[in-house]
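This is what each chain is made of:
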Amino acid sequence: AGKQPDGVLHSLDVIIPDNLADIKKDISGTTDPSEKRPLCMILIRPASERVSTIVQTTGYNIGGRLRYDGYTKRMVITGLYGVPSSHIVAETPLSEDRKYDIALEWPYGDKKLGKRLLKQAVADAFGLSIRTEKRMTDVYLLSLVDEERPAMEPQVPGWAYDRETDQIALTQELLERITAGEEYFMVGGNTGPLATSLSSVMGKPVIDEAMVEGYYHFYFPYHYQWPPKDETLDMVRSVMKEKYGMLLTPARREVEMLIVSEADPG
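Right, let's walk through the structure included here.

Rules behind the numbers
- Residues numbered from 1 in each chain as written.
- Predicted model: local features only at pLDDT ≥ 70, side-chain atom pairs only at ≥ 80, totals over all residues.
- Heavy atoms only, no water.
- Axes fitted to C-alpha atoms, helices over the stretch in contact; angles between N-to-C directions.
- Helix = DSSP H or I, 4+ residues; strand = E, 2+ residues; numbered from the N terminus.
- Parallel < 35°, antiparallel > 145°, perpendicular 65-115°, else oblique.
- Contact = heavy atoms within 4.5 Å.
- Buried < 20%, exposed > 50% of the residue type's maximum accessible area, 1.4 Å probe, protein only.
- Expected span 1.5 Å × (residues − 1).
- Arc of directions from axis to C-beta.
- Salt bridge = Lys/Arg side-chain N within 4 Å of Asp/Glu carboxyl O.
- Pairing = 2+ DSSP bridges.
- Left-handed = near helix turned anticlockwise from the far one by under 90°.
- Phe/Tyr/Trp six-rings, centres within 6.5 Å; stacked < 30°, edge-to-face > 60°.
- Lys NZ or Arg CZ within 6 Å of the ring centre and 35° of its normal.

## Considering the packing of helix α5 (residues 191-202) against helix α6 (residues 230-244)
Between α5 and α6, whose axes approach to 10 Å, the crossing angle comes to 155°. By the angle between their directions, the pair α5 and α6 is classed as roughly antiparallel. Every residue of α6 that contacts α5 at Leu194, Leu198, Val201 and Met202 is listed here: Leu233, Val236, Arg237 and Met240.

## Quick look at the side chain of threonine 232
Tracing the backbone shows threonine 232 in helix α6. Of the residues examined, threonine 232 reaches a relative accessible area of 9% and is grouped as buried. When near neighbours in sequence (up to four residues on either side) are disregarded, threonine 232 contacts Tyr222 and Gln225.

## Some details on α6
Because an α-helix packs 3.6 residues into every turn, residues spaced three or four apart end up facing the same way. Spanning 15 residues, α6 covers 21 Å between terminal C-alpha atoms, matching the ideal 21 Å at 1.5 Å per step. Within the sequence span of α6, burial applies to Thr232, Leu233, Val236, Val239, Met240 and Tyr244. All buried residues of α6 project into a common sector of 130° when viewed along the axis, lining one side. Exposed residues pointing more than 90 degrees away from the buried face of α6 are listed as Asp230, Glu231, Asp234 and Glu242. Where the residues of α6 are buried, they touch β6 (128-144), α5, β11 (216-221) and β12 (246-262).

## Focus on the environment of threonine 171
For threonine 171, the location among the structural elements is in the loop between β8 (167-169) and α4 (172-179). The partly exposed category is assigned to threonine 171, whose relative accessible area is 26%. As for threonine 171 and glycine 158, which are separated by 13 residues in sequence, their C-alpha atoms are 8.2 Å apart. With residues up to four places along the chain from it excluded, the contact list for threonine 171 reads Ala160 and His217.

## A word on the environment of glycine 203
Summarising the element assignment, glycine 203 is placed in the loop between α5 and β10 (206-208). The class of glycine 203 is partly exposed, set by a relative accessible area of 24%. What glycine 203 contacts, discounting residues up to four positions off in sequence, is Ser86, Trp226 and Pro228.

## Side note on unusual backbone geometry
At methionine 211, a position not held by glycine, the phi torsion is positive, near 55°. Within the secondary structure, methionine 211 is located in the loop between β10 and β11.

## Remarks on the pattern of salt bridges
Taken as a whole and assessed by the stated rule, the structure comprises six salt bridges. Across the pair arginine 252 and aspartate 138 runs a salt bridge whose closest N-O atoms are separated by 3.1 Å. Linking arginine 252 in strand β12 with aspartate 138 in strand β6, this pair joins segments that are 114 residues apart in sequence. Aspartate 138 sits in the partly exposed class, given a relative accessible area of 34%.

## Some remarks on the sheet that holds β10
Strand order across the open sheet formed by four strands is β4-β12-β6-β10, with mixed pairing between neighbours. Edge positions in the sheet fall to β4 (88-90) and β10, since each of these pairs with one other strand and no more. Adjacent strand axes in the sheet meet at a mean angle of 35°, parallel and antiparallel pairs treated alike. Contacting β6, β10 and β12, α5 runs over the sheet at an angle of about 170° to β10.

## Looking at the packing of helix α2 (residues 73-81) against helix α3 (residues 113-126)
Where α2 contacts α3, the two axes come as close as 10 Å, and the packing angle between them is 155°. With respect to their mutual orientation, α2 and α3 come out roughly antiparallel. α2 and α3 meet at a crossing whose hand is left-handed. Counting all contacts with α2, which are made through Lys73, Val76, Gly79, Leu80 and Tyr81, the residues of α3 involved are Lys115, Leu118, Lys119, Val122 and Phe126.

## Some words on the packing of aromatic side chains
Going through the model one piece at a time under the given rule, you end up with seven aromatic pairs. Aromatic side chains tyrosine 216 and phenylalanine 218 sit 6.4 Å apart centroid to centroid with 50° between the ring planes, which places their arrangement in the tilted category. Here tyrosine 216 falls in the buried class, since its relative accessible area comes to 9%. Every member of this aromatic cluster is reached through a ring pair, and the members are Phe185, Phe220 and Tyr222. Its end group placed over the ring of tyrosine 81, lysine 119 keeps NZ or CZ at 4.4 Å from the ring centre.

Take a look at the structure:
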């Protein structure tokens, strides 16, 4: 009749079912063996508040499960594709302040299936195209100051582990310092994995021209940051030269890079 209705205006209490409730419980980790686990499950969501101020928690891959908590897009891509951040060419912005919780569970059998599934899911969810391509780029060459022998002593392979904090370190002494809150760059092995790890620290690919075999300890105080600051680069080059007898020399080389661009909407 063109009149306002009498009474108090109110809204109905509508309960919207959470279709992901079971999945969210599964992601948090159920200990009840009677509960049926999914054959295949993929979850990508903004990071929960508990990790929103943390760079990342430990990513793990156990059996048919893969999980990243509090990871940025760049961190997820480096983990899935096994490349340092320095080997990523971002042709579309990869926000460094937005973090995500990502989890995947897949059938047992094919160990590589999980990452294949998650690569596709991550690309589609974020609207990305990810491909490899060889490009001429700025790099650092890792070489020995004294070509006759490395300025290092071989070590016994092994890591110290703390069950309460889930932390690992090259030695028990380092482990105690890390659990107390100190931050370190650490690599155990030859100069191959050292060069790969230094790539993330230096912000550019590091090519191993030292080619030192054997097992060694490489470590120094270091706080992860991307992109790295100039003072960090100077510090790392100085430590590598003075402590380990190695040079990090700027150069240009053709390197296989991971190109991340915006996906074609068509």
